[in-house]
Amino acid sequence: MLQLAAKHADELHFSSEQGELEIEVHLHSVILSQCRYFAALFSDRWQEKGLSDEANDDHSHFALKMCVPSIQALGTYMCTLQLLYTKDFSEVIVEVQTALSILPVAVELLFEECITACVRFLEAVPWSKEEEAEIKQLVCLLQLQESEKLLARLSPVKNSAVEDMLNELVYAATHSHQNAASVKAFVAKILSTFPSRDTVRLVLNRAFVNSLKTVKDSVEEYTSPNVRGRYDEIEAMQRQNLHTAVVSGRHLLWLVERMIELRVAETAVQAWSEQRAFTANLQGACSDDMWRNNVPGLPAVLLRCTCRLLNAMVAGSILTSQNVRKRLARDWLPVLVTSRENVSYSGLGASCNKQLHKELEVGFLQLIMTLPITDAQELLQQCLSFATRSIEDCPHLVSAFNTWFQRAGQGNLGRPGKSNEKEACPKICNV
């Protein structure tokens, strides 16, 4: 960057350690005094009395010798000096690059009017990535008041601005009624490419907890209404609770899918395994006529959440403790059994329900087989409802029991001082 200095009374020059071009320009002192640098240089504090009086003469002029590194830099200095006379900022500063080239010179000269014009233009127009990088470097040259508007575009006022924005995007994706599919796809893309996985985990966890709470509260208010009034009023409120539950359930499913996709679903699995009271309410509601007539799809939505989590767990995408796996199977397996008993496999949506239930059966059996033999023994007995008249129609159930008997028949396999002799164990065969 070129530096300014005074050489002697009637001559000023720009000096540079390695100047390649040198030019002398004659300017009026009254014009130069618009720059705070020259105003200070011409003041009594810096000059002798006679020279100060000369500088105050409107017709006096001084020779400026400028040493600049290139023709382009020379043109920028000349353009900035011309603006001292013309003040035609709006005609000259019409591109971002022009403003970026003039601004450092205006800062060097302390030409405040030009600085303001450059900043005003830059603040009002879009920037390319390269231009934004240059602006970030120039901001440090400006005073705080001058750079305030540029900084407002470059850095957030609150430290939580990024997290807040993601929260709002996720809320829009789950609550948008118009163009919902496109909004969800866009937000999913933003989340998948966001650099901080911890921030994404925090945002999705918060949304998951809120949606789950809404579903739970709605189902609880339906199963145990704490209101008084006419029967039709209570019934209308219960319908509203069911509607809220199914809408929030769809939000929940989208969140679960995103969390699994981004491998941040550990908290979701933990929370899903701690819903004993909620699953008990679901079992009671599944057999209710109003439930089946008004929101037949709610059990399927919640079971799809369970299915997604089960598949991720047995695939190794989500690693959880034995206790979490046991609790999840213990609490959600009865919901599947109840749903199978109360959902017809004929009519509209029958194929989807049957496919979902089959996928859940396979997932639960795979999860159960990851547990200790004693826990698996208890839970496998709850899976007997998966059986059909033909063993060929339930190979997953046959395989699970055969595996359990094979393991249980090993006796004290691998334990010091114990016999490794295998016990005879039954085997279910396809007959």
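Just above, that's the structure.
As the structure is a computational prediction, the values presented were derived from the model and not from experiment.

### Description of the overall build of the chain
Part 1 of the reasoning: Looking only at helices and strands, the chain has 21 helices and four strands in total.
Part 2 of the reasoning: Residue burial in the chain is summarised as follows: out of 431 residues, 40% are buried.
Part 3 of the reasoning: Here the chain has roughly 24,100 Å² of accessible surface; of this, 51% comes from carbon and sulfur atoms.

### A look at the side chain of serine 211
Part 1 of the reasoning: Mapped onto the secondary structure, serine 211 falls in helix 12 (residues 197-223).
Part 2 of the reasoning: The contact partners of serine 211, leaving out residues within four places of it in the chain, are Ser248, His251, Leu252 and Leu255.

### Remarks on unusual backbone geometry
Part 1 of the reasoning: For lysine 87, which is not a glycine, the phi torsion comes out positive at approximately 55°.
Part 2 of the reasoning: Positioned with a positive phi, leucine 110 is a non-glycine residue whose angle comes to about 60°.
Part 3 of the reasoning: Given a relative accessible area of 29%, leucine 110 falls into the partly exposed group.

### Brief notes about helix 8 (residues 129-139)
Since one α-helical turn is 3.6 residues long, residues separated by three or four positions face the same way.
Part 1 of the reasoning: For helix 8, the full list of buried residues reads Glu131, Ile135, Leu138 and Val139. Taken end-on, helix 8 shows its buried residues confined to a sector of 95°, consistent with a single buried face. Opposite the buried face of helix 8, at more than 90 degrees from it, the exposed residues are Lys129, Glu130, Lys136 and Gln137.

### Let's talk about the packing of aromatic side chains
Working definition: an aromatic ring pair is given by the centre-to-centre distance plus the angle between the planes.
Part 1 of the reasoning: Under the defined criterion, the tally for this structure stands at five aromatic pairs.
Part 2 of the reasoning: When the ring of phenylalanine 278 is compared with that of tryptophan 332, the centres are 6.1 Å apart and the planes differ by 75°; the resulting orientation is edge-to-face. Of this pair, phenylalanine 278 sits in helix 15 (residues 276-286) while tryptophan 332 is found in helix 18 (residues 322-342), placing the two residues 54 residues apart along the sequence.
Part 3 of the reasoning: Residue class for phenylalanine 278 comes out buried when judged on its relative accessible area of 3%.
Part 4 of the reasoning: Every member of this aromatic cluster is reached through a ring pair, and the members are Phe208, Trp272, Phe278 and Trp332.
Part 5 of the reasoning: If you follow arginine 153 out to its NZ or CZ, it ends over the ring of tryptophan 127, 3.5 Å from the centre.

### As for the pattern of salt bridges
Part 1 of the reasoning: Counting across every chain of the model gives twelve salt bridges.
Part 2 of the reasoning: Between aspartate 375 and lysine 326 there is a salt bridge, and its shortest N-O distance comes to 3.1 Å. Within this pair, whereas aspartate 375 is found in helix 20 (residues 373-380), its partner lysine 326 is found in helix 18, the two being separated by 49 residues in sequence.
Part 3 of the reasoning: The partly exposed category is assigned to lysine 326, whose relative accessible area is 27%.
Part 4 of the reasoning: Linked by salt bridges that have partners in common, Asp198, Arg201 and Glu266 make up one network.

### Structural notes on the packing of helix 6 (residues 96-109) against helix 7 (residues 112-124)
Part 1 of the reasoning: Helix 7 packs onto helix 6 with a crossing angle of 150° between their chain directions and a minimal axis gap of 9 Å. Viewed along their axes, helix 6 and helix 7 adopt a mutual orientation that is roughly antiparallel. For the crossing formed where helix 6 meets helix 7, the hand is left-handed. Contacts between helix 6 and helix 7 involve Val96, Ala99, Leu100, Ile102, Leu103, Ala106 and Val107 from the former and Cys114, Ile115, Cys118, Val119, Phe121 and Leu122 from the latter.

### A closer look at the environment of valine 92
Part 1 of the reasoning: With respect to the helices and strands, valine 92 occurs in helix 5 (residues 89-92).
Part 2 of the reasoning: Note on valine 92: relative accessible area 25%, which makes it partly exposed.
Part 3 of the reasoning: Taking C-alpha positions, valine 92 is 8.5 Å from cysteine 79, a pair spaced 13 residues apart along the chain.
Part 4 of the reasoning: Contact partners of valine 92, with chain neighbours within four places excluded, come to Cys79, Leu83, Thr98 and Ile102.

Conventions and cut-offs
Every chain is numbered independently, its residues counted from 1 as its sequence is written. Note on the predicted model: pLDDT of at least 70 is required for a residue's local features to be given, and 80 or more for side-chain atom pairs to be given and counted; whole-chain, interface and lining totals, by contrast, use all residues. Excluding hydrogens and water, the side-chain figures rest on all heavy atoms present in the structure. We count a stretch as a helix when DSSP gives it H or I for four or more residues in a row; a strand needs E for two or more, and each element gets its number in order from the N terminus. Any residue under 20% of the maximum accessible area for its type is buried, any over 50% is exposed, and the rest in between are partly exposed; the area is computed with a 1.4 Å probe on protein chains only. In this description, accessible areas are obtained by the Shrake-Rupley approach with a 1.4 Å probe, and a residue is regarded as covered only by the protein chains that are shown. The contact criterion used is simple: two residues touch if any of their non-hydrogen atoms lie within 4.5 Å. Here the arc refers to the set of directions running from the helix axis out to each C-beta atom. Stacked, tilted and edge-to-face are the three classes applied to pairs of Phe, Tyr and Trp rings, where Trp contributes its six-membered ring and a pair requires centres within 6.5 Å; stacked means planes under 30 degrees apart, edge-to-face means over 60, and tilted covers the rest. Any Lys NZ or Arg CZ found within 6 Å of a ring centre and within 35 degrees of that ring's normal is scored as a charge over the ring. For this document, the term salt bridge refers to a Lys or Arg side-chain nitrogen within 4 Å of an Asp or Glu carboxyl oxygen. Whenever a helix is involved, its axis is fitted only over the stretch in contact; in every case the axis is a line through C-alpha atoms, and angles between N-to-C directions fall within 0 to 180 degrees. Note on angle classes: values under 35 degrees are labelled roughly parallel, values over 145 roughly antiparallel, values of 65 to 115 roughly perpendicular, and the remainder oblique. Each crossing is labelled by how the near helix is turned from the far one, with a counterclockwise turn of less than a right angle marking it left-handed and a clockwise turn marking it right-handed.

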